[in-house]
Amino acid sequence: RSPLSLPRQVTVDGAISAVHSTSTRRTDPQLSGLVGWKNDARTFGVILQAFSERRHDRRDGQEFLGYNTVSFQDIYGLAPIANPNNDPAIAAQNAANAAQLATLQAAHPGLDGATFANNVNATLLEMHMQRKGAMVDLELKPTDRLRLDFNGFYSKLTETNQDSSLETEQTVLVGNGVLPDTYTVHDGLLTSATWNQATMPDYLTTGDYQADYDKYYRPGESARVYYADIDVDYALSDRLHLSGKFGRTQAVGATPNEYAYVTNVGNAGLSYRMNGLLQPADVSFPGFPDTGNYNDPHLFLAYDGLNKVKSTDSENYFQADAEYAVESGVLDAVKFGVRATTHQRSVLDYYNDGCFAQPADSTFTQCNGVAQWNGQLEDRYGQGLHGGPGFLHTIWQLSPAAITSYVDAPGNLPASSLPYSWPSSFVVNEKTQAIYGMAKLVGEHWRGNAGLRVVRTQQRADYNEG
């Protein structure tokens, strides 16, 4: 809407509403308002509009993060060795490998070659969002031949979110040769498997773990956009009409801080059962029955980290057009114009490796202690998923304050980490110029046009390779 198109001299419009979410059990307000005015002569008008929206949201889900195939040859290194020269030693080794493979297949019928889910992941995403913005439009029409319009818009979405996931790790176990004690294979798919706690290797010695709990907290994420432009329409004569536009637009997305904290579940058992496409899988940890207790001795800190990302898109644009009414024979009018834009996109990614509980080498810093749990837990995880009696409903939670205070503690974010993630940071610059001309053609029972547009685009990308 433009100010001078409003039907009355003063226009007021507003709306107040509320959004209720059954998943978060929260009700949030949504507000918007508009005021428009134009003078008695209808030569000047203004519109001001503003809005504010809040929203709490939540997503419960269960993910199957890809599939893999059990291969005893790969797990135990039993693949046949090429022997083009019939070397007796190689032949003997191949025979021994084949015998061991047959023994394993007999001890685990149907398991070799079976497809299995890499992970069964219980996920929970919680977020609080607020969007605020405003628009202003100033329209000036001093004469019937001239119209100028200034339009500006700004909107900012701010969001704080946290996501948690308790992810089984049968890929780690199978890949390290820790096969399930009992299992079910249906049509080549491992639909259920159980690893008993008594047969599980020691986590601190082998690194074999049954699950990991990931917690990511992102306070103050934002996405903001604005544009401002001026439109000009001018009838130079009855035959010649000119128009033009120039302005700038920009969008910025930012994650100021993404705090990461990962805990492994070790020295426990693992059991899961897939229940088809219409019901989530059952998951449990024999020997680790209380998934709502962070102080359980089967939990081990793995690592922490901090990530920062900022991406920016901006464009300056200008265009001018003219139309001349020829009205001679089949040539009704001619149009021509130019347009030019400059666009830039940049992404800057900062990543700090943080600390590791078990340093693989001297590159990583040893973590200091563990995050302090305040007793928080999620006891209605999976609402709406219609899980059965074996579905995992209760998972302990680390509060945002516990994660941030741990990551920010001295020594848990080593200064030796690379300040920027160079491979994921880049800048792209693009310039475009265009010019066109067109003839409007008309006859007694037909109309058409013919023209030519030429566009030149220049682009430069700066990026990094490790």
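These remarks concern the structure in this document. These numbers come from a predicted model, not from an experiment. (Residues numbered from 1 in each chain as written. Predicted model: local features only at pLDDT ≥ 70, side-chain atom pairs only at ≥ 80, totals over all residues. Heavy atoms only, no water.)

**Digging into the side chain of N161**
Heads up, the condition is: For the purposes of this entry, the term helix denotes a DSSP run of H or I that reaches at least four residues, the term strand denotes a run of E that reaches at least two, and both are numbered from the N terminus. Only protein chains enter the accessibility calculation, which uses a 1.4 Å probe; a residue whose area is less than 20% of its type maximum is buried, one above 50% is exposed, and one in between is partly exposed. Between N or O atoms, a polar contact is any pair within 3.5 Å; within protein, one atom must be a potential hydrogen donor and the other a potential acceptor, and residues adjacent in sequence are included only when both atoms are from side chains. For this analysis, residues touch if any pair of their heavy atoms sits within 4.5 Å.
Here N161 is to be found in strand β7 (residues 146-168). On the accessibility criterion, N161 (5% relative accessible area) is buried. A distance of 2.7 Å separates polar atoms of two side chains, one belonging to N161 and the other to R218. Sequence-distant contacts of N161, defined by excluding residues within four places in its chain, comprise L125, E126, M127, Y216, Y217, R218 and E221.

**Quick word on the state of the cysteines**
Filter applied, for reference: Any two cysteine sulfur atoms within 2.5 Å of one another count as a disulfide.
Overall, the coordinates contain 1 disulfide when judged by the stated rule. The side chain of C355 participates in a disulfide bridge whose partner is C367; the two sulfur atoms lie 2.1 Å from each other. Between C355 and C367, the disulfide has an S-S torsion of 100° and is therefore right-handed. With C355 in strand β16 (residues 355-356) and C367 in the loop between β17 (365-366) and β18 (377-378), the pair connects residues that are 12 residues apart, well separated along the chain.

**A look at the packing of aromatic side chains**
Rules: The aromatic pairing rule takes the rings of Phe, Tyr and Trp, using the six-membered ring of Trp, and pairs them if the centres are within 6.5 Å, calling planes under 30 degrees apart stacked, those over 60 edge-to-face and the rest tilted.
What the rule picks out here adds up to 14 aromatic pairs. Pairing Y261 with Y406 gives two aromatic rings, centres 5.2 Å apart and planes at 85°, and the pair type is edge-to-face. Of this pair, Y261 sits in strand β11 (residues 240-265) while Y406 is found in helix α5 (residues 400-407), placing the two residues 145 residues apart along the sequence. Under the relative-accessibility criterion, Y261 is labelled buried at 0%. Plain terms: the ring middles of Y303 and F356 are 5.4 Å apart, the flat faces sit at 25° to each other, and that makes the pair stacked.

**With respect to the pairing of β11**
Where a strand is regular, its side chains alternate between the two sheet faces. Selection criterion: Two strands pair if DSSP finds at least two bridges between them.
Pairing of strand β10 (residues 211-235) with β11, which is carried by 21 bridges, proceeds in the antiparallel orientation. When the bridges of β11 are listed, Y226 appears paired with Q250. The antiparallel pairing of β10 with β11 creates a hairpin that spans 4 residues between the two strands.

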